[in-house]
Structures are given as C-alpha cells and as structure tokens.
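Examining the three-dimensional arrangement
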Amino acid sequence: MALLPILIAPDPRLKVTAEAVERVDAEVRALMDNMLESMHAANGIGLAAPQVGVAKRVIVVDTAREDEAPRPLRMANPEIVWASEETECSEEGCLSLPDHFADVTRPARVRVRYIDHENEIRELEADGILSKCVQHEMDHLDGVLFVDHISSLKRNIILRKLVKSKRVEAAG
Ligand code: NI
C-alpha cells in the first residue's frame, strides 16, 4: 500500500467530473486501499479519488470513532437512489480544505447504490454522519466542494486563505 498526496484547494483537479469505473478490478481495488490508508493517515473520515488526482468515481468512507473497530466502505460509481425530504445542517470539513469548516445543509438520510471492492452491486441506507460523509464524498466526483454549498462571501474568504497558506508553504 502507499500513501497518496492529497490535493489542497483551489486546484483544477478538484473541479473535474470524474469518470465511471467500468469494473472494480485489481487496479481499482489497490486505489481504494491506498485511499483508505491515506485517509486514515490524515485522520479523515472520507476521501474521493479526485482528491488524490485520480478522476474516477471512487470514494472511501470510515466514520468509526477512534475507540471503535474500523468500518471501511469502498465504493465505485455511487449513486443516490433515494434522499429524505428532511434535511440536516451540520459542520463539515474536508482534507482538501484543511482547518476550514462550515455548516452545510443536506438530506438527512440517503440510499446509495454502488459497486463494492468485489465488483458486487450493493445498496446502503445511511443517516447521521455516514449520510453526510457519503454525500460530501460523492460531491467531489462532480467537482463540488463543501464550500460550494455556502455563500460566495464565506467561500471566497476560505479559498483566499488557502491560496495564501499555499504561497507561504511554497516560499518556506
Ligand atoms: Ni472533502
């Protein structure tokens, strides 16, 4: 397995529409495993392939707390087949926008169809943090970041700060 560098916004590779995976073969499985390892190393609960520069519809999620056994989910071509009318607003962050957080409103519960790491079609019904996390990661597959759900004023403040910290890092 290998740790993959995670792209930091703003980056054009985070704005692409990712391509569907034809089948989950050994190559896609290795990508999923490397993504999970990279996500855990960064203390994240979700990661989408575009965040590691791979424009494929692949996400990984693990919302288990530190004191719980891991519950890794590997998903290719995830699709929302049902979403509740009820919404929930809660704070989100993203490994591609480190140290920035904002309240985002999303459907409270969703049912997602996807292909798992064994190339089997599965469905997952999620609520709470899992629902939020899966929706957040799926957004990445269409080039959407959590800051695209908030006001442009707040979004621009966050993106400007990220540009600034990238410059400081490049200079240092
Ligand atoms: Ni994210």
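The following paragraphs examine the structure supplied in this document. (Residues numbered from 1 in each chain as written. Predicted model: local features only at pLDDT ≥ 70, side-chain atom pairs only at ≥ 80, totals over all residues. Heavy atoms only, no water.)

**A few points about the pattern of salt bridges**
Across all of its chains, the model carries 14 salt bridges by this definition. Arginine 74 is the partner of aspartate 33 in a salt bridge, and the nearest nitrogen-oxygen pair spans 2.9 Å. Taken together, the residues aspartate 33 in helix α1 (residues 26–41) and arginine 74 in strand β3 (residues 73–83) connect sequence positions 41 residues apart. On the accessibility criterion, aspartate 33 (26% relative accessible area) is partly exposed. A salt bridge links arginine 106 to aspartate 139; the shortest N-O distance between them is 3.0 Å. Linking arginine 106 in strand β5 (residues 102–107) with aspartate 139 in helix α2 (residues 128–140), this pair joins segments that are 33 residues apart in sequence. Neither residue differs from the other here; arginine 106 and aspartate 139 are each classed as buried. (Salt bridge = Lys/Arg side-chain N within 4 Å of Asp/Glu carboxyl O. Helix = DSSP H or I, 4+ residues; strand = E, 2+ residues; numbered from the N terminus. Buried < 20%, exposed > 50% of the residue type's maximum accessible area, 1.4 Å probe, protein only.)

**Quick word on the environment of arginine 29**
One can find arginine 29 in helix α1. Separated by 26 residues in the primary sequence, arginine 29 and leucine 3 have C-alpha atoms spaced 15 Å apart. Residues contacting arginine 29, with those up to four places away along its chain left out, are Val24, His117 and Glu118. One polar contact links the side chain of arginine 29 to the main-chain carbonyl oxygen of histidine 117, over a distance of 2.9 Å. (Contact = heavy atoms within 4.5 Å. Polar contact = N/O pair within 3.5 Å; in protein donor to acceptor, adjacent residues only side chain to side chain.)

**Here's the deal with the state of the cysteines**
All told, the structure shown has zero disulfides when counted by the stated rule. Residue cysteine 89 stays outside any disulfide, its sulfur separated by 16 Å from that of cysteine 133, the closest cysteine. (Disulfide = S-S within 2.5 Å.)

**Description of the coordination of the nickel ion**
At this site the nickel ion is bound by Cys94 (SG), His136 (NE2) and His140 (NE2), with donor distances of 2.1 to 2.2 Å. In the primary structure, the donors to the nickel ion are separated according to the pattern C-x41-H-x3-H. Remark: histidine 140 occurs in helix α2 and cysteine 94 occurs in the loop between β4 (87–92) and β5; sequence separation between them is 46 residues. (Donors = N, O, S within 2.8 Å, 3.2 Å for Na, K, Ca; no water.)

**Some words on unusual backbone geometry**
Put simply, alanine 9 and proline 10 share a cis peptide bond, and its omega is -5°. Looking at the element boundaries, proline 10 is found in the segment before α1. One non-glycine residue, asparagine 43, lies in the positive phi region at around 60°. Along the chain, asparagine 43 falls in the loop between α1 and β1 (46–48).

**Looking at empty space enclosed by the protein**
Evaluated as defined, the whole model comprises one cavity of 30 Å³ or more. Size it by volume and the largest cavity reaches roughly 60 Å³. If you go around the largest cavity, the residues you meet are Glu88, Ser90, Glu92, Val104, Arg106, Pro107, Ala108, Gly128, Ser131 and Lys132. Its residues assigned to classes, the lining of the largest cavity shows three nonpolar, three polar and four charged. (1 Å grid on protein atoms, 1.4 Å probe; cavity = no way out; pocket = protein on both sides within 12 Å on 5 of 7 lines; lining within 4 Å. Points joined across faces, edges and corners; volume = space filled by probe spheres on them. Nonpolar A, V, L, I, M, F, W, Y, C, P; charged D, E, K, R; others polar.)

**Things to note about the layout of surface pockets**
Computed from the structure, the largest pocket encloses a volume of approximately 390 Å³. Of all the elements in the fold, those that place two or more residues in the lining of the largest pocket are β4 and α2. At six residues, the largest contribution of residues to the lining of the largest pocket is made by α2. Here the residues of the lining of the largest pocket are counted per class, giving nine nonpolar, eight polar and five charged. The calculated volume of the second largest pocket comes to roughly 210 Å³. Considering the residues around the second largest pocket, the lining is formed by His40, Asn43, Gly44, Ile45, Asp62, Ala64, Arg65, Glu66, Glu68, Ala69 and Pro70. Counted by class, the lining of the second largest pocket contains four nonpolar, three polar and four charged residues.

Bear in mind that shape data such as this cannot, by itself, settle questions of function.
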